[in-house]
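Here is how the chains run, residue by residue.
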Amino acid sequence: MTEAPRVPAVYPSGVTRYDPGKAWHGHVLFAALDQRSYLIDLEGRVVNRWDYYGQPTALIDPAVNGGRKGHVLVRYELRRQQDPRALGNGLNVHAIAELDWHGRPVWIWGDQAPGGSARQHHDWQRLANGNTLLLANRLQRIPGFRLDESIDDIIYEVDPQGRVVWQWLASEHLQEFGFTPEQLELVRNTEHADYLHLNNLKVLGPNKWHEQGDARFHPDNLIIDSREANFIAIVDKRSGKVVWNLGPNYPRLTRENQFSPRLPRPVDQLAGLHDAHLIPLGLPGAGNLLVFDNQGGSGYPPVHLGVMPGSRVLEIDPIDGQIVWQYSALDSGQPVWSFYSSFISSARRLPNGNTLIDEGMTGRIFQVTSDGEIVWEYISPYFGDFFGGCRSNFVYRAQPVPFDWVPDDPVGH
């Protein structure tokens, strides 16, 4: 009788690759499925831990927080009555909170929210005026939709006292997202309640396009993206109108383009995208759009997936729609399918020109140089319960954190 081959019994985790001479040096912040949030160093050591989950656990810049370092935004309390449709959205979130370095709540918002619960999901940001900007869900009947109740996306700006001072509702702007009439019919007749599933919200911030006179890129304007509908849009903060968009209709992603290193070239099919944002001033590529292109199943109608799926990180000139930099597994000399996350995930440009990437589905966070060399890699060792009764170490988003964000006298968990 032939004995079955032995396989490793230990799942590789922690730091699996590190080149100190080429990696950007700082910390990394992420939330794990064990319902905790972690700040780690590049050796994989835990610098601090908060015993709450965040989607994402978001660092608050001391520059907009009265100089207070080490504060984060997290989900603080879930609703007692759980909604079975709460798959990656905010239906079950009652309260959100700002925690200090020691995990103490210094601001909580839930009971004051419209409908009595925050229902926050996917993104939020503390603003320079002290207010908090956040994505949330609203359950409602949308006129013309097939479903009696849909999960709409709404943006709130909330002041420190918990009052909503500005809001924006996605369903009021369906005609502005770039859908054809035929696509709008598919949207209205979908059986998927979470019909847009916005997963990103950021203030544009100062940028060269606005400095050059393009009013669409006003620093106060907001950038959003839709996983289900494959578009990125900029919302004018004053009028609420969509003033710039990419998608939802793109040229097909051909095998020739998927394997082509030719740059620049026009943007081709994005699918299931996440974390679209303008690279901030002062970083290499400032003003360009950086997005994690999951190549996950999505779209109205659904995008065709190839035989060899693989995710990409794309840097796009938002004025001429050209891809000016990209990363796929091919750029690291690996098969295209070895870097793939059909959902969640993120990408952030670093001060030395590297890019921090979260391949969320596998709990893998890594840094690549501009030419695709992997110079740091970390596999989350933190597992928790996932939908369907399984266990997973997935990481929704990973954020780079400079050393000076940590309090001067850090004593944490």
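This text goes with the structure placed above it.
Starting afresh in each chain, residues are numbered from 1 along the sequence in its written order. For a predicted model such as this one, the threshold for reporting local features is a pLDDT of at least 70, and the threshold for listing and counting side-chain atom pairs is 80 or more; totals across whole chains, interfaces and linings nevertheless cover every residue. For the side-chain quantities, the full set of heavy atoms in the structure was used; hydrogens and water were omitted.

Novice: Can you walk me through the overall build of the protein chain in this structure?
Specialist: Only DSSP runs of H or I with at least four residues qualify as helices, and only runs of E with at least two residues qualify as strands; both kinds are numbered from the N terminus onward. Across its full length, the protein chain carries 3 helices and 28 strands. Atoms considered for the radius of gyration are the C-alpha atoms alone. The globule rule reads 2.2 Å times the number of residues to the power 0.38. Computed over C-alpha atoms, the radius of gyration of the protein chain comes to 21 Å, within 12% of the 22 Å expected from 2.2 N^0.38 for 413 residues, which places it in the range of a compact globule. Seen through its C-alpha atoms, the protein chain measures out along the principal axes to roughly 65 × 60 × 55 Å. The contacts of the protein chain with a sequence gap of at least 6 include a subset with a gap of at least 24, amounting to 58%. Method for areas: the Shrake-Rupley scheme with a 1.4 Å probe, in which residue coverage is limited to the protein chains shown. Surface summary for the protein chain: the accessible area is close to 17500 Å², and the carbon and sulfur share equals 52%. Contacts are assigned to residue pairs with any non-hydrogen atoms lying within 4.5 Å of each other.

Novice: Help me understand the sheet that holds strand β13 (residues 198-203) in this model?
Specialist: Hydrogen bonds between backbone groups are what pair the strands of a sheet, and the pairing can be parallel or antiparallel. The 4 strands lie next to each other as β13-β14-β15-β16, forming an open sheet whose pairing is antiparallel. Pairing within the sheet leaves two strands with one partner each, and these edge strands are β13 and β16 (242-246). The mean inter-strand angle of the sheet, taken between neighbouring strand axes irrespective of direction, is 20°. The pairing criterion for strands is at least two bridges between them, as found by DSSP. To define axes, lines are fitted to C-alpha atoms, for helices over the stretch in contact only, and angles between the resulting N-to-C directions are given on a 0 to 180 degree scale.

Novice: What exactly am I supposed to notice about the nonpolar core here?
Specialist: Taken as a class, soluble globular proteins show a tendency for nonpolar side chains to be buried jointly. Among buried residues, the Ala, Val, Leu, Ile, Met, Phe, Trp, Tyr and Cys ones that are joined through side-chain atoms within 4.5 Å form a nonpolar core. Under the scheme applied here, a residue whose accessible area is under 20% of the maximum for its type counts as buried, over 50% as exposed, and between as partly exposed, the area being computed with a 1.4 Å probe on protein chains only. Within the largest apolar cluster, 26 residues are counted, with the highest numbers of intra-cluster contacts made by Ile-155, Trp-168, Phe-177, Tyr-195, Leu-196 and Ile-224. Of all elements in the fold, only β10 (132-140), β12 (164-169), α1 (181-188), β13, β14 (222-226) and β15 (231-235) reach the threshold of two or more residues within this core. Top element by residues in this core is β15. It accounts for 3 residues. Excluding residues that lie within four positions of it along the chain, Tyr-195 makes contacts with Ile-142, Phe-145, Ile-151, Asp-152, Ala-170, Ser-171, Leu-174, Val-187, Thr-190, Glu-228 and Tyr-300. Core analysis: the next-biggest nonpolar cluster, separate from the first, contains 19 residues, Trp-209, Ile-234, Leu-289 and Val-291 among them.

Novice: Explain the side chain of Asn-230 to me, please; I cannot follow it from the model alone.
Specialist: With respect to the helices and strands, the residue Asn-230 is situated in the loop between β14 and β15. Note on Asn-230: relative accessible area 1%, which makes it buried. Here the side chain of Asn-230 touches Gly-272 through a polar contact of 2.9 Å, landing on its backbone nitrogen. The contacts of Asn-230, once residues within four sequence positions are left out, are Leu-246, Gly-247, Pro-248, Tyr-250, Gln-269, Leu-270, Ala-271, Gly-272, Leu-273, Ser-298, Gly-299 and Val-303. We call two N or O atoms a polar contact when they sit within 3.5 Å, provided that within protein one can donate a hydrogen and the other can accept it, with sequence-adjacent residues counted only if both atoms are side-chain atoms.

Novice: Hey, could you run me through α1 in this one?
Specialist: Note: α-helices contain 3.6 residues per turn, so residues at a spacing of three or four share the same orientation. When we look at burial in α1, the residues that qualify are Gln-183, Leu-184, Val-187 and Arg-188. Relative to the axis of α1, the buried residues are bounded by an arc of 140° and lie together on one face. To obtain the arc, one takes the directions from the helix axis to the C-beta atoms.

Nothing here speaks to function; it is all geometry.
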